[in-house]
Amino acid sequence: MSEKREGAVTFRPMELLDLTRIAEVENLSFPTPWPRKAFYNELVLNQFAYYTVVCVDGEIVGYCGFWLILDEAHITNVAIHPDYRGRGLGKRLLLHVMQLARELGATSMTLEVRVSNHVAQALYEQLGFVRSGVRKAYYTDNKEDAIIMWVTLHEQDEQPTSHIGN
């Protein structure tokens, strides 16, 4: 059995020219996708926002955004195009974003995840995130609860550990 070779994987800041592809990935990934204008506003108007794209052979296949407020990074969204899932790209993207947040002064990172999204929860736990609470009826499409997860960000040579937010 031959292994499928993964193309060159790169990370870079999201740009306005990326929004058509970002909207495509967003629409394929979420039942209630953010509109293109929301990403535009994040890139142009939100001084706390940092968005990264992951590319395979130069093609955008995913993205992750976070807000940095004081020393806390809050992941707003993360998605990988369905055709590229299961290849470790989400993990690589999150590790890249965690390092970026560290470099920008973050000491912890948080996110919300649907209670039904067990695949994402397993990935976050693998990266050191721990459950710290629930937001009842957080998702507007079906009133599903969200699990709040936190991780403490350490220097690059250390493993992330859990952090329970206030």
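What you are looking at is a predicted structure, and each value in this text was computed from that prediction instead of being measured. Numbering of residues starts from 1 in each chain and follows the order in which that chain's sequence is written. Local features in a predicted model are, by the rule used here, given only for residues with pLDDT of at least 70; side-chain atom pairs are given and counted only at 80 or more, and totals for whole chains, interfaces and linings are based on all residues. Only heavy atoms go into the side-chain values, all of them from the structure, while hydrogens and water stay out.

Once that is clear, we can look at the overall build of the protein. Helix and strand definitions follow DSSP, with helices as H or I runs of at least four residues and strands as E runs of at least two, each counted in order from the N terminus. Along the protein, the regular secondary structure elements total four helices and seven strands. The secondary structure elements of the protein, listed N-terminal to C-terminal, are β-α-α-β-β-β-α-β-α-β-β. Put simply, the protein has 166 residues, and 42% of those count as buried. Every accessible area reported is derived by Shrake-Rupley at a probe size of 1.4 Å, with residue values counting cover from the shown protein chains alone. Total accessible area on the protein stands at roughly 9300 Å², and carbon and sulfur atoms take up 53% of it. Using a 1.4 Å probe on the protein chains alone, a residue whose accessible area is under 20% of its type maximum counts as buried, one over 50% counts as exposed, and one in between counts as partly exposed.

Glancing now at the nonpolar core. Only buried residues count toward a nonpolar core, which is a set of Ala, Val, Leu, Ile, Met, Phe, Trp, Tyr and Cys residues joined through side-chain atoms within 4.5 Å. Core analysis: the largest hydrophobic core is formed by 30 residues, its most contacted members being Leu89, Met109, Tyr124 and Phe129. Of all elements in the fold, only strand 2 (49–56), strand 3 (59–69), strand 4 (72–80), helix 3 (89–103), strand 5 (108–114), helix 4 (118–126) and strand 7 (146–152) reach the threshold of two or more residues within this core. A total of six residues in this core trace back to one element, the largest contributor, which is helix 3. Throughout, a residue-residue contact means that at least one pair of heavy atoms, one from each residue, lies within 4.5 Å. Not counting residues up to four positions away in its chain, the partners in contact with Met109 are Ala73, Ile75, Val97, Met98, Ala101, Phe129, Met149, Trp150, Val151 and Leu153. By size, the runner-up hydrophobic cluster in this structure holds twelve residues, among which are Met14, Leu19, Val53 and Tyr63.

Let's shift gears to the packing of aromatic side chains. Only Phe, Tyr and Trp rings take part, Trp by its six-membered ring, and two of them pair if their centres are within 6.5 Å. Stacked means planes under 30 degrees apart, edge-to-face means over 60, and tilted covers everything else. One pass over the full model with this rule turns up six aromatic pairs. Ring centres of Phe39 and Tyr51 lie 6.2 Å apart, and the angle between their planes is 80 degrees; this geometry places the pair in the edge-to-face category. Within this pair, whereas Phe39 is found in helix 2 (residues 36–45), its partner Tyr51 is found in strand 2, the two being separated by twelve residues in sequence. Phe39 gets classed as buried once you look at its relative accessible area, which sits at 1%. The ring of Tyr139 carries Arg114 above its face, with NZ or CZ at 4.1 Å from the centroid. In this scheme, Lys NZ or Arg CZ marks a charge over a ring once it lies within 6 Å of the ring centre and within 35 degrees of the ring normal.

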